[in-house]
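Residue-level structural notes
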Number of protein chains: 2
Amino acid sequence: MTVTPETATRMPAAERRASILEAATEVFGARGYVGATTDAVAKAAGVSQPYVVRMFGTKENLFLEVLHRALDRLLGAFRAVIAGHGTSAPDLAGRLGAAYADLLRDRGLLLSLMQAFMLGADPVIGPAARAGFLQVYGLLREEAGFGADEADQFLSHGMMLNTLVAIGMASEYDSDPAARDLIETCAPSKALMIVDLEKQQRA
Amino acid sequence: MTVTPETATRMPAAERRASILEAATEVFGARGYVGATTDAVAKAAGVSQPYVVRMFGTKENLFLEVLHRALDRLLGAFRAVIAGHGTSAPDLAGRLGAAYADLLRDRGLLLSLMQAFMLGADPVIGPAARAGFLQVYGLLREEAGFGADEADQFLSHGMMLNTLVAIGMASEYDSDPAARDLIETCAPSKALMIVDLEKQQRA
DNA sequence: GTCTATATAGCGATAGAC
DNA sequence: GTCTATCGCTATATAGAC
């Protein structure tokens, strides 16, 4: 009657890194940098807490890697849209917006980014977050060919979407008509996706 | 050679409450709910840590009071603008936007609000944050007479401004031309205020 | 490659004096 | 009205076995 060993099955380091990063993205996105524990990340990834620390050195470094991964995916998704259509394509902003909303599927990704943006006062994470934000802005202006107004609109609505997801407004969608009105007013085309993802998340 | 007693001079409870709330607003705004310590709040207010806890019961409750105070000030500022001009006044959105930016002077106020918005997953703070956000939205639609597009624009740019302040982008204003470009693109009329406040904050 | 055990530190909260 | 002292919990990080 030997109990199954609770040791995680062996896995190549690179693969394990990837799955821990994925788990960390979700945990950091939901609880923020300070609120997230390395133990919660470990449990989400199915490994022990010290193993997470050993693999990434420190919690701070783990968060930095989550941030960079999120930025890579975001910039990559945008570049794929631009490459597939070209700067002069009709409604490039709409296509980029759809790509952005699509990243909500990667759980915690946009939220981890937003959590990083809130850490401007941190001496290590702050600079990294600012650099990341500027990278996104630079892509919009230089690679997507956005003018000042277009970039402003795009980024502003992105921050609004992030905020609505972070605050969990979709959880009131069914019960509160005002919440429903707000979501459909401020995130019209993304409304269904937000709501569906939250429902799926609770299931 | 007796040392000055480190005991804070006696003060009426109501007054002490107010100054602790003010200090807490600044600390929560800068470090977030989890990252802020009751000790940092106490030091900023010039009292002992147990006294802060004793007066507000718990850190959670202190944060809720900070949130409500911030909302009161925000809604009050908006209502003052509306009362002073009337719904049909020209450029009501511009005047409300100016009032919003003006609240940046109340250090940490808009940041504490934003930090609350990031806590949607918290079982106590989450609902309070959502209710607060909906109050603001309701005021814009019903009291300011904003249409859907107008409210969307206003809130989106508000979230963008919050994010730029939280990430501390103004600290790169002088050294990084891209940061300067971003700030002047996405917060044109507020750019100077953001930058000035941060410089003043470092001094 | 992964775990158990544990050192160490920081923080929220309580007790009780003045 | 305000403090000092301190408890007890949680969390990151280290040491070392397998």
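See the structure shown above.
Described in the following lines is the structure provided in the data block. (Residues numbered from 1 in each chain as written. Chains lettered and ligands numbered in written order. Predicted model: local features only at pLDDT ≥ 70, side-chain atom pairs only at ≥ 80, totals over all residues. Heavy atoms only, no water.)

Now for the overall build of chain A. Each helix and strand in chain A was counted, giving 10 helices and zero strands. For chain A, the sequential pattern of α-helices and β-strands runs α-α-α-α-α-α-α-α-α-α. Each principal axis of the C-alpha distribution contributes one length, and for chain A these read about 65 × 40 × 35 Å. Taken over 203 residues, chain A has a buried fraction of 51%. When contacts within chain A are restricted to residue pairs at least 6 apart in sequence, those whose partners lie at least 24 apart make up 65%. (Helix = DSSP H or I, 4+ residues; strand = E, 2+ residues; numbered from the N terminus. Buried < 20%, exposed > 50% of the residue type's maximum accessible area, 1.4 Å probe, protein only. Contact = heavy atoms within 4.5 Å.)

Around DNA strand D, the surrounding shell holds 21 residues, and the nearest of these are A:T38, B:A13, B:R16, B:S48 and B:Y51. At the protein interface, 66% of the atoms of DNA strand D within 4 Å belong to sugar or phosphate. Contact distances for DNA strand D include 3.0 Å between a phosphate oxygen and a backbone N or O atom of A:K59. Listed by contribution, the elements that provide at least two residues to the surface near DNA strand D are α3 (49-56) of chain A together with α1 (13-35) and α3 (49-56) of chain B. When grouped by side-chain class, the residues that make up the surface near DNA strand D number nine nonpolar, seven polar and five charged. (Near = heavy atom within 4 Å. Polar contact = N/O pair within 3.5 Å; in protein donor to acceptor, adjacent residues only side chain to side chain. Nonpolar A, V, L, I, M, F, W, Y, C, P; charged D, E, K, R; others polar.)

Moving on to the relation of the copies chain B and chain A. Here chain B sits on chain A after a turn of 180° about the axis and a move of 0.0 Å along it, with an RMSD of 0.0 Å. Viewed as a symmetry operation, the transformation between the two copies matches a two-fold axis. Closest approach to the rotation axis among the C-alpha atoms of chain B is made by B:S156, whose C-alpha sits 2.5 Å away. The residues that chain B uses at the interface reappear at the interface of chain A in 100% of cases, marking a shared surface. (Least-squares fit on C-alpha atoms with pLDDT ≥ 70 in both.)

Let us now look at the state of the cysteines. Going through the model one piece at a time under the given rule, you end up with zero disulfides over all chains. Left without a disulfide partner, A:C186 is nearest to the cysteine sulfur of B:C186, which lies 18 Å away. (Disulfide = S-S within 2.5 Å.)

Time to look at unusual backbone geometry. All names here are of chain A. Notably, D91 is not glycine yet its phi reads approximately 55°, a positive angle. With respect to the element layout, D91 can be found in the loop between α4 (59-85) and α5 (92-102). Since its relative accessible area comes to 55%, D91 is described here as exposed.

This next bit is on the nonpolar core. Membership of the largest hydrophobic core comes to 152 residues, with the highest contact counts inside it found for A:L96, A:F133, A:L182, B:L96, B:F133 and B:L182. For this core, the two domains that each supply at least three residues are domain 1 (13-167) and domain 2 (168-203) of chain B. In this structure B:F133 touches A:M160, A:T163, A:L164, A:I167, A:M169, A:L182, B:F117, B:L155 and B:M159, once residues within four positions along its chain are discounted. (Core = buried A, V, L, I, M, F, W, Y, C linked by side-chain atoms within 4.5 Å. Domains from an automatic or database assignment.)

This part takes up the packing of helix α6 (residues 109-117) of chain A against helix α8 (residues 148-167) of chain A. Residue and element names in this part refer to chain A. Axis separation between α6 and α8 bottoms out at 10 Å; the angle between their running directions is 105°. If you check the angle between α6 and α8, you find them roughly perpendicular. Listed contacts from α8 to L110, L111, M114 and F117 of α6 are M159, N162, T163, V165 and A166. Here the residues of the contact of α6 with α8 are counted per class, giving seven nonpolar, two polar and no charged. (Axes fitted to C-alpha atoms, helices over the stretch in contact; angles between N-to-C directions. Parallel < 35°, antiparallel > 145°, perpendicular 65-115°, else oblique.)

Another aspect to go through is the interface of chain B and chain A. The interface of chain B with chain A comprises 38 residues on the first partner and 38 residues on the second. Taken together, both faces of the contact between chain B and chain A bury some 3,400 Å²; the carbon and sulfur share is 68%. Of all residues in chain B, the largest losses of buried area upon contact with chain A belong to B:M118, B:R130 and B:I167, amounting jointly to 20% of the total for that side. Across the contact surface, chain B and chain A share four salt bridges. Ionic pairing is found between A:E172 and B:R130, a salt bridge with its closest N-O pair at 2.8 Å. (Buried area = accessible area lost by both parts, 1.4 Å probe. Salt bridge = Lys/Arg side-chain N within 4 Å of Asp/Glu carboxyl O.)

A word on the pattern of salt bridges. Here the idea is simple: oppositely charged side chains can pair when their charged atoms come close. Taken as a whole and assessed by the stated rule, the structure comprises 21 salt bridges over all chains. Between A:E143 and A:R79 there is a salt bridge; the shortest N-O distance is 2.8 Å. Here A:E143, found in helix α7 (residues 125-143), pairs with A:R79, found in helix α4; they are 64 residues apart in sequence, far enough to count as distant. Residue classification places A:E143 among the partly exposed positions, given a relative accessible area of 31%. Linking B:D106 and B:R69 is a salt bridge whose minimum nitrogen-to-oxygen distance equals 3.8 Å. Highlighted residues: B:D106 in the loop between α5 (92-102) and α6 (109-117) and B:R69 in helix α4 (residues 59-85), separated in sequence by 37 residues. A relative accessible area of 13% means that B:R69 is categorised as buried. Salt bridges sharing partners connect three or more residues here, namely A:R69, A:R73 and A:D106.

Once that is clear, we can look at helix α8 (residues 148-167) of chain B. Relative to the 28 Å expected for 20 residues at 1.5 Å per residue, α8(B) spans 28 Å between its end C-alpha atoms, a close match to the ideal helical length. Just beyond α8(B), the residue with positive phi is B:G168, at close to 75°. (Expected span 1.5 Å × (residues − 1).)

Here we take up the packing of α1(B) against helix α2 (residues 38-45) of chain B. All names here are of chain B. One way to put it is that α1 packs onto α2 with a least axis distance of 8 Å and a crossing angle of 125°. Here α2 runs oblique to α1, going by the angle between their axes. For the pair α1 and α2, the sense of crossing is right-handed. Contacts between α1 and α2 involve R16, S19, I20, A23, A24, V27 and R31 from the former and A40, V41, A44 and A45 from the latter. The class makeup of the residues in the contact of α1 with α2 is eight nonpolar, one polar and two charged. (Left-handed = near helix turned anticlockwise from the far one by under 90°.)

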